[in-house]
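# Descriptive analysis of the structure
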Amino acid sequence: MVSSITLTNTLEYIQALWIATHQMGLPIALWRLPETQEIQGIIDLSGQPQKTVIDLEELHSGFAVSPFINPEADQSLFIHADIHFTLEQDPSRETYIFSDKNLPLNDPILQIRKENFYQTVENILQTRNHSSVISSRTSYQTQDADQAIFEDMVSKAIREMEEGNFQKVVLSRTITVPIKEDINIIQTYFKLTQSYPLAFVSLISIPEHGTWMGASPEVIISTNKQKIFRTIALAGTQPYEPGVPLSEVMWKQKEIEEQALVSRYIINCFKKIRLREFEEEGPKTVIAGNLLHLRTDLTVDMQATQFPQLGTVMLRLLHPTSAVCGTPKEPAMDFIINHEPHNREFYSGFLGPVNIDGESHLFVNLRCTQWLSNRVIFYAGAGITTGSIPEREWRETELKTQTMRKIVGV
Ligand SMILES: C=C(O[C@@H]1C=C(C(=O)O)C=C[C@H]1O)C(=O)O
């Protein structure tokens, strides 16, 4: 059984692993945390992720994926870590070391499946049968809104806000693009990790639920070994011009207010659970690929506050935040459901590793794409307030897909 191997051809090995999960119908998640080099992966040998509430106190090691619409919080999928591996660059930076963490498998059937899995990987490597995009979903229909339809939807939202129905709504759209037959999804993923060093870069595939790749700048909740809870309030968008110091970046009133709404939403969630001892830092300007955002960091010492279940409680209260839905949450959500022509599915849901080495890091699924065998669907949204100009919001959604489109080559 594989436990640690030095790879001379990393791409080929990870691709064989990816193909093997598809041949065997197994869910897989690959991710790289912000500001780290190591890529990690999880494979669920049962073949079916569990549909569950994300309770960090109850769940084993795994990877959580929630759709945007999850009102009772029970629609999240949990990819169980039957296999957990890491891919680390060696100090010479010439090769990668692939390590299987050899998590204990209590069920002998899973042990046999694991052996079969690595055997399948070997067979694929030997036959060198490397097809290009392997997607867990071949047919899926979505409706892209053109510029006029999107701007009409934004204008309608502005009118409703002027009537006082809500204060902010985040409206999104899809862009469906055919892809070349020879595109390599794993190579694209590696490129994405390089373009977004500060983001959470993920690639997941779940039978019947699809194949998704993204580079999220937005933590929804994270809890680390030191028992520090962290979340962020992220909003406001402008293009990043390399060379301009972040301290010199100026923000318009509209963006400052929009981001303040997200911060206030999070602090209100703390108030609901009577938590007063939190640290607030920011807002400051941060880089996400080709863009800049405004970010406030909010942290809590879960030991000092005697609140070990804070991650679970806050996840339930926060999702969907005002950064991807709006304020107040219910009328903003109704507007989205009634007006966006597409189904968001996992876009603006959350995803990330749970209880891996004593830490959980969940991110909002943004700057993401869904992969079908011959097409990619890009998803992007923008925060709308009464100060919005529809054409600028359209341009913002264009900007939000730009880095990803360049990497995919479309
Ligand atoms: C909705 C998206 O991004 C969110 C909306 C932002 C905004 O309105 O300025 C900024 C960052 C994210 O919180 C997206 O990327 O699709």
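This text goes with the structure placed above it.
Let me sum up the structure you'll find in this document.

What counts, and where the lines are drawn
- Residues numbered from 1 in each chain as written.
- Predicted model: local features only at pLDDT ≥ 70, side-chain atom pairs only at ≥ 80, totals over all residues.
- Heavy atoms only, no water.
- Core = buried A, V, L, I, M, F, W, Y, C linked by side-chain atoms within 4.5 Å.
- Buried < 20%, exposed > 50% of the residue type's maximum accessible area, 1.4 Å probe, protein only.
- Contact = heavy atoms within 4.5 Å.
- Near = heavy atom within 4 Å.
- Polar contact = N/O pair within 3.5 Å; in protein donor to acceptor, adjacent residues only side chain to side chain.
- Areas by Shrake-Rupley, 256 points an atom, 1.4 Å probe, with all protein chains shown as cover.
- Helix = DSSP H or I, 4+ residues; strand = E, 2+ residues; numbered from the N terminus.
- Nonpolar A, V, L, I, M, F, W, Y, C, P; charged D, E, K, R; others polar.
- Pairing = 2+ DSSP bridges.
- Axes fitted to C-alpha atoms, helices over the stretch in contact; angles between N-to-C directions.

## Quick look at the nonpolar core
Counting 76 residues, the largest nonpolar core has Ile54, Phe63, Val169 and Leu171 as its most contacted members. What Phe63 contacts, discounting residues up to four positions off in sequence, is Ala29, Trp31, Ile42, Leu77, Phe78, Ile79, Phe200, Ile204, Leu351, Gly352, Pro353 and Val354. Grouped together as the second largest cluster of nonpolar side chains are 50 residues, Val2, Leu7, Ile39 and Tyr118 included.

## Overview of the site of the ligand
The full set close to the ligand counts 18 residues, and Glu218, Thr237, Tyr347, Arg367 and Gly381 are the nearest of them. At 2.6 Å from an oxygen atom of the ligand is found a side-chain nitrogen or oxygen belonging to Thr237. One of the backbone nitrogen or oxygen atoms of Gly383 is found 2.8 Å away from an oxygen atom of the ligand. Isolated, the ligand exposes 390 Å² of accessible area, and the fraction of that covered by the protein chains is 100%. At the level of elements, strand S13 (228-239), strand S20 (375-384) and helix H8 (390-408) are the ones that each hand at least two residues to the shell around the ligand. In terms of residue class, the shell around the ligand is built from eight nonpolar, five polar and five charged.

## Re the environment of Gln126
Relative to the elements of secondary structure, Gln126 occurs in helix H2 (residues 108-127). As for Gln126 and Ala16, which are separated by 110 residues in sequence, their C-alpha atoms are 9.7 Å apart.

## Describing the sheet that holds strand S4 (residues 50-52)
Read from one edge to the other, the open sheet built from nine strands follows the order S4-S6-S5-S17-S18-S12-S13-S15-S14, with strand pairing classed as antiparallel. Of all strands in the sheet, those bounded by a partner on one side alone are S4 and strand S14 (279-288). Each neighbouring strand pair of the sheet contributes to a mean axis angle of 20°, computed without reference to strand direction. Taken strand by strand, helix H5 (residues 253-272) contacts S13, S14 and strand S15 (291-301), and its axis lies near 165° from that of S13.

## Quick word on the pairing of strand S17 (residues 350-354)
Counting buried positions along S17 gives five out of five residues, so the element sits mostly inside the fold. Relative to S17, strand S5 (residues 62-66) runs antiparallel, the two being bridged by five bridges. What sits directly across from Val65, in S17, is Leu351. When S17 meets strand S18 (residues 360-364), the two strands line up antiparallel, connected through two bridges. Its bridge partner being in S18, Phe350 is matched across the sheet by Val364. Between the antiparallel neighbours S17 and S18 lie five residues, among them Asn355 with a positive phi of about 50°.

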